[in-house]
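Working through the structure, step by step
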Amino acid sequence: MTVTIKTPEEQEKMRIAGRLAADVLDMIGDYVKPGITTDELNKICHDYITGVQNAVPAPLKYRGFPKSICTSVNHVVCHGIPGDKKLKSGDAMNIDITVIKDGYHGDTSRMFFVGKAGIQAQRLADVAFDGMWHGIEELGAGKHLGDVGEAIQTFVEKNRFSVVREYCGHGIGRAFHEDPQVLHYGNRGSGMELKSGMTLTVEPMINAGKRHVRLLNDGWTVVTKDHSLSAQWEHTVLITDSGYEVLTLGADAR
Ligand code: MF3
Ligand code: CO
Ligand code: CO
């Protein structure tokens, strides 16, 4: 697949899809409490996306994925499948929302804490968040994807955490996953040169222990090999001549 450059009309559709995805995360936060199951969170999000937003939850039936959102708890790195296990105080969870509106995708995820956050989980989530933003701040026409990867990797490793290599950010638009691949590690000046009108995601997965991951038998759930905690945040971003525009900011503007 080749990298797509979005026209101003397409960029506007990406803004709308991005805002809707962020709205879902803003909405679901209040429901993340001890005792609720990830399946119940999935249903609330599904009903909101389809019933209130008149949009489509992109994960549902995407390459066989069975649910409308991804819920990745504690040592789950990404692509956790909502299920009937109750969340308990101290759990840390990424919720990843992708909606399709008027043919265009918006993709964003955040960390949520159930009850009181553990001190290590909080620090890991903070480093993952700051790492994502260090990556985003590199974006702009004329910059290279390696600039993004190096910024994230350097920051994360300085904080003695590790960057997952097997999964990456991606171009996004009419398709959920478009070229280019956006690696969260790498070398400044290497990789594709960015152009105004590209839309892509930055979504580093950061482990408290080693970077290695394992895929569970369900074919989706990715966990840390050493069972250490993992954290992730994700934004969809438009490349502009002067830098970038984040399309999935929440109500709190982060
Ligand atoms: N939202 C994920 C991403 O950021 C992809 C999830 S694919 C699914 O790219 F099938 F698991 F939903
Ligand atoms: Co994504
Ligand atoms: Co996502």
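Above this text you will find the structure in question.
Here goes a summary of the coordinates provided.

Rules behind the numbers
- Residues numbered from 1 in each chain as written.
- Chains lettered and ligands numbered in written order.
- Predicted model: local features only at pLDDT ≥ 70, side-chain atom pairs only at ≥ 80, totals over all residues.
- Heavy atoms only, no water.
- 1 Å grid on protein atoms, 1.4 Å probe; cavity = no way out; pocket = protein on both sides within 12 Å on 5 of 7 lines; lining within 4 Å.
- Points joined across faces, edges and corners; volume = space filled by probe spheres on them.
- Helix = DSSP H or I, 4+ residues; strand = E, 2+ residues; numbered from the N terminus.
- Nonpolar A, V, L, I, M, F, W, Y, C, P; charged D, E, K, R; others polar.
- Buried < 20%, exposed > 50% of the residue type's maximum accessible area, 1.4 Å probe, protein only.
- Pairing = 2+ DSSP bridges.
- Contact = heavy atoms within 4.5 Å.
- Axes fitted to C-alpha atoms, helices over the stretch in contact; angles between N-to-C directions.

1. A word on the layout of surface pockets
Taken as a whole, the largest pocket spans an internal volume of roughly 610 Å³. For the largest pocket, the lining is made up of 28 residues, of which Tyr62, His79, Tyr167, His170 and His177 are closest to its centre. The set of elements that each furnish at least two residues to the lining of the largest pocket consists of strand 4 (92-101), strand 7 (169-171) and strand 8 (178-182). At four residues, strand 8 tops the list of elements feeding residues into the lining of the largest pocket. Of the residues assigned to the lining of the largest pocket, the class counts are 13 nonpolar, eight polar and seven charged. Approximately 370 Å³ is the volume found for the second largest pocket. If you trace the second largest pocket, you find 20 residues lining it, with Thr38, Thr71, Val73, Val76 and Lys85 closest to the centre. Partitioning the lining of the second largest pocket into residue classes produces seven nonpolar, seven polar and six charged.

2. Describing the pairing of strand 5 (residues 104-113)
In the case of a regular strand, side chains alternate between the two sheet surfaces. Taking burial as the measure, the ten residues of strand 5 include nine buried ones, the bulk of the element. Relative to strand 5, strand 4 is paired through ten bridges, and the arrangement is antiparallel. Note on strand 5: the bridge partner recorded for methionine 93 is phenylalanine 112. Counting the residues that bridge the hairpin from strand 4 to strand 5 gives two residues, and of these aspartate 102 lies at a positive phi of roughly 55°.

3. Section: the sheet that holds strand 10 (residues 205-207)
In spatial order, the strands read 6-10-13; together these three strands make up an open sheet with antiparallel pairing. Of all the strands in the sheet, the pair left with one neighbour each is strand 6 (162-163) and strand 13 (230-232). Sheet analysis places strand 10 next to strand 13, joined by three bridges and oriented antiparallel. Its bridge partner being in strand 13, asparagine 207 is matched across the sheet by serine 230. Sitting on the sheet, helix 3 (residues 119-136) is in contact with strand 10 and strand 13, with an inclination near 35° to strand 13.

Distances and angles like these do not, on their own, reveal function.
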